[in-house]
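# Analysis of the macromolecular model
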Amino acid sequence: NAGVTQTPKFRILKIGQSMTLQCTQDMNHNYMYWYRQDPGMGLKLIYYSVGAGITDKGEVPNGYNVSRSTTEDFPLRLELAAPSQTSVYFCASSSSVNTIYFGEGSWLTVV
Amino acid sequence: GESVGLHLPTLSVQEGDNSIINCAYSNSASDYFIWYKQESGKGPQFIIDIRSNMDKRQGQRVTVLLNKTVKHLSLQIAATQPGDSAVYFCAENKGRNTGFQKLVFGTGTRLLVSP
């Protein structure tokens, strides 16, 4: 039972570069989320999706984009990476009656 | 504004002791709270949740207490073990009755368990 799978685990980006963090879940959950966690802090919601084809902004969406073409996949796109985007990124999913399950995290450094 | 916060950033206990981690919330309308455990280098793991129509809920070695009068939440871990060492977050779910879970996280409390 894989749950929520994120790739890559670690990545170093140069300022201005772009990249996509991949996320997939095998639990047939409707809801998917992207959070970021800065050092010593709690998680902040970047974007979420309530189903395929539907996405919406969370607390800190600037500098990011998402898409949800299938139930399973919810990639997070960083355009024009900035040092402020250095963080740990967590993808998560939930069903309508269940709590959120998190992936293992993706450590991103922008230099 | 609304916030979910924690009283202590670090809690150090001896193995076998009981641990109590506290959390305060400011939105009296909040009706669902979750505790997560996050081990180093990993994603948060669900521990236990509680709805506002309850004062207490028990799991395996863990108990969550909710005091709505003072807007306070606590997580009690019985017979703390070295494997319990982690950062613990309380989270308030703002996606009420919609299935969608919009969590607001506190900053976390680090629990250190000494053998």
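In this report, we go over the structure that sits alongside the text. These numbers come from a predicted model, not from an experiment.

Turning next to the overall build of chain A. Helix and strand content of chain A: 0 helices and 11 strands. Secondary structure elements in chain A, listed N-terminal to C-terminal, are β-β-β-β-β-β-β-β-β-β-β. Taking 111 residues into account, the globule formula puts the C-alpha radius of gyration at 13 Å, and chain A, at 13 Å, falls close to it. Its C-alpha atoms give chain A principal-axis dimensions of roughly 40 × 25 × 25 Å. Counting only residues that meet the buried cut, chain A has 47% of its 111 residues in that class. Excluding contacts between residues fewer than 6 apart, the proportion of contacts in chain A whose partners are at least 24 apart in sequence is 53%.

Time to look at the nonpolar core. Residues B:W35, B:L73, B:L75, B:Y88 and B:L111 are the most contacted members of the largest nonpolar core, which totals 20 residues. Leaving out residues up to four positions away in the same chain, B:L73 has contacts with B:I21, B:N22, B:C23, B:F33, B:W35, B:I50, B:V64, B:L65, B:L66 and B:C90.

Residue and element names in this part refer to chain A. By the definition in use, this model includes 5 salt bridges over all chains. With a closest N to O distance of 2.8 Å, D38 and R36 form a salt bridge. Note on D38: relative accessible area 27%, which makes it partly exposed. Since its relative accessible area comes to 11%, R36 is described here as buried. Between R77 and E79 there is a salt bridge, and its shortest N-O distance comes to 3.1 Å. Judged by relative accessible area, R77 falls into the partly exposed class, the value being 31%.

Our focus in this paragraph is the packing of aromatic side chains. Within the structure shown, the criterion is met by 13 aromatic pairs over all chains. Where A:F102 meets B:F105, the ring centres are 6.2 Å apart and the plane angle is 70°; that geometry is what we call edge-to-face. One end of the pair, A:F102, is in strand β10 (residues 101-102); the other, B:F105, is in strand β10 (residues 103-105), on a second chain. Accessibility classification places A:F102 together with B:F105 in one group, the buried group. Where B:Y36 meets B:F105, the ring centres are 5.8 Å apart and the plane angle is 45°; that geometry is what we call tilted. Placement of B:Y36 in strand β4 (residues 32-38) and of B:F105 in strand β10 is noted, with a sequence separation of 69 residues between them. A residue is classified by how much of its surface remains accessible, and B:Y36, at 0% relative accessible area, is buried. Of the aromatic side chains, those joined through ring pairs into one cluster are A:F10, A:Y33, A:Y35, A:F90, A:F102, A:W107, B:Y36, B:F46, B:F89 and B:F105. The residue whose ring lies beneath B:R51 is B:Y32, and the NZ or CZ to ring-centre distance is 4.2 Å.

Rules behind the numbers
Residues numbered from 1 in each chain as written. Chains lettered and ligands numbered in written order. Predicted model: local features only at pLDDT ≥ 70, side-chain atom pairs only at ≥ 80, totals over all residues. Heavy atoms only, no water. Helix = DSSP H or I, 4+ residues; strand = E, 2+ residues; numbered from the N terminus. Rg over C-alpha atoms; globule rule 2.2 N^0.38 Å. Buried < 20%, exposed > 50% of the residue type's maximum accessible area, 1.4 Å probe, protein only. Contact = heavy atoms within 4.5 Å. Core = buried A, V, L, I, M, F, W, Y, C linked by side-chain atoms within 4.5 Å. Salt bridge = Lys/Arg side-chain N within 4 Å of Asp/Glu carboxyl O. Phe/Tyr/Trp six-rings, centres within 6.5 Å; stacked < 30°, edge-to-face > 60°. Lys NZ or Arg CZ within 6 Å of the ring centre and 35° of its normal.

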